[in-house]
Amino acid sequence: MHALLVEDDDRMARALGTALAQRGHTVRRVGRALDALRHVHEAEFVLLDLGLPDLDGLELLRRLRTVCDAPLIVVTARCEERDIVQGLRAGADDYVVKPFRMAELMARIDTVRRRTDGHSGRAGAHLADTTGAGGGPVRTGDVEVDLAGRTVTVAGAEVRLTRREFDVLAFLAARPDEVHSREAILDRIWGDAFLAASRSLDVHVAGIRAKTGRSHLVRTVRGFGYQLGSPTAPADGDGDGAR
């Protein structure tokens, strides 16, 4: 696969480029945000450092996500929880903090690729099984989730979610009467139930609530998982996590 490596440190870029090439990937390395935006359309996955000289990496990430939905992993020295949460909310598929073990990063790349490569088939099959081949709109209160069109409207106005946020909401909307465990959601959407200890799912649920302005659209079942809720009625156990 063809990787876009956005990294301004020459030594780090050489190490990453070599490791990727050894695994059969082709690599285009750029060190500036402007060049990343210029070449992102050719990328099949992206490794993004946040410490760039011409633009903050989080802002670049947001801009990349408006024009590209390729798998993207942030690789950065920023290790504060706030940075990690912002990166995931901005659309990163994973977030790796420097220094890291090269073998671990390569494994994370493989995992993200499997998630995204297999996601369409798994999600499409799931929606077909649960809503019929058309995957028609699901309504709760003034919120409409169009499973086929991959759109969300609130009170008639479209709300833009990230790809992963929509995937989570669509998964819940496909079976609105069921409570889904964290492990089931992570396995279906991320392709890895062992991510249950991470905050990735919680971050994306928080993003859905914030962007729709409906804090109870996703109902937390504390200690278990999530369910599609009513946007107008309080739900038991709502909070940042379902642990």
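Residues numbered from 1 in each chain as written. Predicted model: local features only at pLDDT ≥ 70, side-chain atom pairs only at ≥ 80, totals over all residues. Heavy atoms only, no water.

1. Re helix H7 (residues 182-190)
The line we're drawing: Any residue under 20% of the maximum accessible area for its type is buried, any over 50% is exposed, and the rest in between are partly exposed; the area is computed with a 1.4 Å probe on protein chains only. Helix and strand definitions here come from DSSP, where helices need a minimum of 4 consecutive H or I residues and strands a minimum of 2 consecutive E residues; each element is numbered from the N-terminal end. Arc definition: it is the arc formed by the directions from the helix axis to the C-beta atoms.
By the burial criterion, the buried members of H7 are Arg-182, Ile-185, Leu-186, Ile-189 and Trp-190. The buried residues of H7 occupy one face: seen down the axis, they fall within an arc of 95 degrees. Positive phi appears at Gly-191, one or two residues downstream of H7, with a value of about 75 degrees.

2. Here we look at the packing of helix H6 (residues 163-174) against H7
Heads up, the condition is: To define axes, lines are fitted to C-alpha atoms, for helices over the stretch in contact only, and angles between the resulting N-to-C directions are given on a 0 to 180 degree scale. Here roughly perpendicular refers to angles of 65 to 115 degrees, roughly parallel to angles under 35, roughly antiparallel to angles over 145, and oblique to all remaining angles. Note: crossing handedness is left-handed where the near helix turns anticlockwise from the far helix by less than a right angle, and right-handed where it turns clockwise. Any two residues whose heavy atoms approach within 4.5 Å at even a single point are treated as in contact. Residues are sorted three ways: Asp, Glu, Lys and Arg are charged, Ala, Val, Leu, Ile, Met, Phe, Trp, Tyr, Cys and Pro are nonpolar, and all the rest, Gly among them, are polar.
Where H6 contacts H7, the two axes come as close as 10 Å, and the packing angle between them is 125 degrees. The orientation of H6 relative to H7 falls into the category oblique. In this structure, the crossing between H6 and H7 has a hand that is right-handed. Note on element contacts: H7 touches H6 through Ala-184, Ile-185, Arg-188, Ile-189 and Trp-190, opposite Arg-164, Asp-167, Val-168, Phe-171 and Leu-172. Across the contact of H6 with H7, the residue classes tally to seven nonpolar, no polar and three charged.

3. Observations concerning the pairing of strand S6 (residues 137-140)
Short version of the rule: For two strands to pair, DSSP has to find at least two bridges joining them.
Residues of S6 alternate between two faces, with Val-138 and Thr-140 buried on one and Pro-137 and Arg-139 left unburied on the opposite face. Inspection of the sheet shows S6 paired to strand S7 (residues 143-146) by four bridges, in the antiparallel sense. If you follow Pro-137 over to S7, its bridge partner there is Asp-146. In this structure, the hairpin formed by S6 and S7 is closed by a connection of two residues, where Gly-141 is found at a positive phi of approximately 60 degrees.

4. Regarding the pairing of strand S8 (residues 151-154)
Burial of S8 is one-sided: the residues Val-152 and Val-154 facing one way are buried, the residues Thr-151 and Thr-153 facing the other way are not. Of the strand pairs in this sheet, S7 and S8 are connected by four bridges, and their pairing is antiparallel. Counted as the bridge partner of Glu-144 is Thr-153 from S8. In sequence, S7 turns back onto S8 through a hairpin of four residues, with Arg-150 there showing a positive phi of about 55 degrees.

5. Remarks on the side chain of His-180
Formally: Two N or O atoms count as a polar contact when they lie within 3.5 Å, although within protein this holds only if one can serve as hydrogen donor and the other as acceptor, and sequence-adjacent residues are included solely when both atoms are side-chain atoms.
With respect to the element layout, His-180 can be found in strand S10 (residues 180-181). Polar contacts involving the side chain of His-180 include one to the main-chain carbonyl oxygen of Arg-175, which spans 3.3 Å. Residues within four places of His-180 in sequence aside, it is in contact with Phe-171, Leu-172, Arg-175, Ile-185, Phe-224, Gly-225 and Tyr-226.

6. Structural notes on the packing of helix H4 (residues 81-89) against helix H8 (residues 200-212)
Two numbers describe how H4 lies on H8: the axes approach to 9 Å, and their chain directions differ by 65 degrees. For H4 against H8, the interelement crossing comes out right-handed. Counted together, Val-85, Leu-88 and Arg-89 of H4 and Ser-200, Val-203, His-204, Ala-206 and Lys-211 of H8 form the full contact between these two elements. Here the residues of the contact of H4 with H8 sort into four nonpolar, two polar and two charged.

7. Details of unusual backbone geometry
Only a minority of non-glycine residues have a phi that is not negative, and only a minority of peptide bonds are not trans. Residue Pro-99 follows Lys-98 across a cis peptide bond; omega there is -5 degrees. Along the chain, the position of Pro-99 falls in the loop between strand S5 (94-97) and helix H5 (102-131). Phi is positive for Arg-150, close to 55 degrees, though the residue is something other than glycine. Here Arg-150 lies in the loop between S7 and S8. Given a relative accessible area of 42%, Arg-150 falls into the partly exposed group. The backbone of Ala-155 shows a phi angle near 55 degrees, a positive value even though the residue is not glycine. Note on Ala-155: relative accessible area 57%, which makes it exposed.

Any link to function would need more than the numbers given here.
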